Number of protein chains: 2
Amino acid sequence: MLEKTTRMNYLYDFYQALLTPKQRSYMSLYYLDDYSLGEIAEEFDVSRQAVYDNIKRTEQMLEQYEEKLLLLERFQERQSIVQQLKAELEPDLKHNDKLSTLLNSLEKLD
Amino acid sequence: MLEKTTRMNYLYDFYQALLTPKQRSYMSLYYLDDYSLGEIAEEFDVSRQAVYDNIKRTEQMLEQYEEKLLLLERFQERQSIVQQLKAELEPDLKHNDKLSTLLNSLEKLD
């Protein structure tokens with residue numbers, strides 16, 4: 001299991017399109033821009049508790065989406081295979097641009 | 001754009017975990033098992049119109065999920081790259097089992 005902040009950043013990245021605009025604002029300020037709960041509360045003129053409750057609820061929603069769709073788990077499985085492919089093909093990658101481009105596209109696609 | 005039945009089968013495959021049990025039942029009977037609306041209506045003791053409305057609504061939900069998460073689109077992009085990789089590596093695949101296994105895992109993972 002990834003460290004919590006890293007995991008939430010990943011889950012947010014995969015599932016943010018399923019959240020409300022308010023959920024997205026709070027989550028990205030808290031997890032991406034490292035705002036405190038108090039700073040977000042001030043920014044939106046709501047209580048610190050309201051921000052906390054909203055973020056906790058959103059974290060649960062993200063975990064529920066991951067339980068159902070497994071986007072992060074599949075992503076990690078694919079990345080692991082791409083890394084193994086790169087290692088296996090390392091001698092060829094230097095002189096084969098097409099191969100190199102294909103593997104890089106695959107890596108960046110997720 | 002894929003033919004509609006094929007597209008719905010794919011979208012159902014990717015997003016079925018986000019549907020209700022009733023939506024899953026109707027969709028899998030209609031799209032996977034090729035039941036008619038009338039047969040599904042009889043099976044569940046509801047009107048043909050109710051089944052039709054439920055399926056149309058579910059189709060819209062699946063398209064909305066795809067607009068947001070793009071799982072089918074990304075899947076197709078990855079599959080295309082894996083096919084190009086296989087073609088590029090074809091001469092090596094015969095004598096390199098590890099490479100072959102890695103590419104097959106990548107192809108089956110989605």
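Conventions adopted
Residues numbered from 1 in each chain as written. Chains lettered and ligands numbered in written order. Predicted model: local features only at pLDDT ≥ 70, side-chain atom pairs only at ≥ 80, totals over all residues. Heavy atoms only, no water. Domains from an automatic or database assignment. Helix = DSSP H or I, 4+ residues; strand = E, 2+ residues; numbered from the N terminus. Buried < 20%, exposed > 50% of the residue type's maximum accessible area, 1.4 Å probe, protein only. Contact = heavy atoms within 4.5 Å. UniProt positions renumbered as here; feature names shortened; annotations may be inferred. Arc of directions from axis to C-beta.

Asker: What is the right way to read the domain arrangement of chain A from this model?
Answerer: Quoted interface sizes are often the accessible area lost when the parts come together. According to the domain assignment, chain A contains domain 1 (2-69) and domain 2 (73-108). If you average the C-alpha positions of domain 1 of chain A and of domain 2 of chain A, the two centres end up 32 Å apart.

Asker: Where do I start with the environment of L72 of chain A in this structure?
Answerer: Residue and element names in this part refer to chain A. Mapping L72 onto the fold places it in helix α5 (residues 71-88). A relative accessible area of 1% means that L72 is categorised as buried. As for L72 and A41, which are separated by 31 residues in sequence, their C-alpha atoms are 30 Å apart. Here L72 is in contact with L2, R7, Y10, L11, F14, Y15 and E66, once residues within four sequence places are set aside.

Asker: Before we go on, may I ask you to explain the UniProt feature "coiled-coil region" (unreviewed entry) in chain A in this structure?
Answerer: Following the UniProt record, the feature "coiled-coil region" (unreviewed entry) maps to residues 48-75 of chain A here. Helix and strand shares over residues 48-75 of chain A are 96% and 0% respectively, and the end C-alpha atoms of the span are 34 Å apart.

Asker: Hey, could you run me through helix α3 (residues 37-44) of chain A in this one?
Answerer: Three- or four-residue spacings in an α-helix give side chains the same orientation, since the helix completes a turn every 3.6 residues. Residue and element names in this part refer to chain A. When α3 is considered as a whole, its buried residues turn out to be L37, I40 and A41. Projected down its long axis, α3 carries its buried residues within an arc of 100°, all on one side. Facing away from the buried side of α3 by over 90 degrees, the exposed positions are E42 and E43. Buried residues along α3 sit in contact with α2 (21-32) and α4 (48-69).

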